[in-house]
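The residues making up each chain are set out below.
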Amino acid sequence: MSIEIERKFLVAELPDLAGTKKAVVRQGYLTASEDSVEMRLRQKNDSYFLTLKGAGGLVRIEREVELSADQFETFWPETEGRRVEKVRYTGTLPDGHVFELDVFEGDLAPLCLVEVEFTSELDAKGYTPPAWFGADVTEDKRYKNKNMAIKGRPS
């Protein structure tokens, strides 16, 4: 079983993104907002994935398989009305943690969120974020990508 342990933050100020990896991402959800699990299709540059995410905030189950472009396109129409588009910047913080900074496009712009993954709950709970991170929204369901894909940008 694959477990994801991550914290999510608003971005108070965009950092210098030189040296980060950039990916154009579009993702759509096959499950409805009231479902306890998420089934997500994601295109990240020229790669395609189907991901299952369990319920939860800081810790949750995650399983993912890579798809072909044809497989992705077969299911993509079923995500109409439940989609997110963003540019993801992946980099390394001075403390060695990897961050993923999402700059949302379309109706979710100008929202920016940053996530950091951890190897344990203890590390996640004891983490002190850098100054450019804003409020911690890990447990705020309004900032889950699935909810934003359906309900729009949180106010």
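The structure this text deals with has already been given above.
Residues numbered from 1 in each chain as written. Predicted model: local features only at pLDDT ≥ 70, side-chain atom pairs only at ≥ 80, totals over all residues. Heavy atoms only, no water.

Q: In this structure, what is going on with the pattern of salt bridges? I would like to understand it.
A: Between side chains of opposite charge, pairing is possible as soon as their charged atoms come close. A complete count under the given rule lists 14 salt bridges for this structure. We note a salt bridge from lysine 8 to glutamate 115, for which the minimum N-O separation is 3.6 Å. Highlighted residues: lysine 8 in strand 1 (residues 3–11) and glutamate 115 in strand 8 (residues 112–117), separated in sequence by 107 residues. For the pair formed by lysine 8 and glutamate 115, the shared burial category is buried. Where aspartate 102 meets arginine 88, a salt bridge forms, and the shortest distance between an N and an O atom there is 2.7 Å. Residue aspartate 102 is found in strand 7 (residues 98–104), and its partner arginine 88 is found in strand 6 (residues 83–92); the two are separated by 14 residues along the sequence. Here aspartate 102 matches arginine 88 in class, with each residue buried. Put simply, Glu4, Glu38, Lys53, Arg60 and Glu62 are held in one network by salt bridges that share partners. (Salt bridge = Lys/Arg side-chain N within 4 Å of Asp/Glu carboxyl O. Helix = DSSP H or I, 4+ residues; strand = E, 2+ residues; numbered from the N terminus. Buried < 20%, exposed > 50% of the residue type's maximum accessible area, 1.4 Å probe, protein only.)

Q: Teacher, can you tell me more about the pairing of strand 8 here?
A: On a regular strand, one side chain projects to one face of the sheet and the next to the other, so that they alternate. Where burial is concerned, most of strand 8 is hidden: five out of the six residues are buried. Here strand 1 pairs with strand 8 via five bridges, running antiparallel. Note on strand 8: the bridge partner recorded for lysine 8 is glutamate 115. Where strand 7 meets strand 8, five bridges bridge the pair, whose relative direction is antiparallel. By the bridge assignment, valine 103 is partnered in strand 8 with cysteine 112. (Pairing = 2+ DSSP bridges.)

Scope: geometric values only; no functional claims are made or implied.
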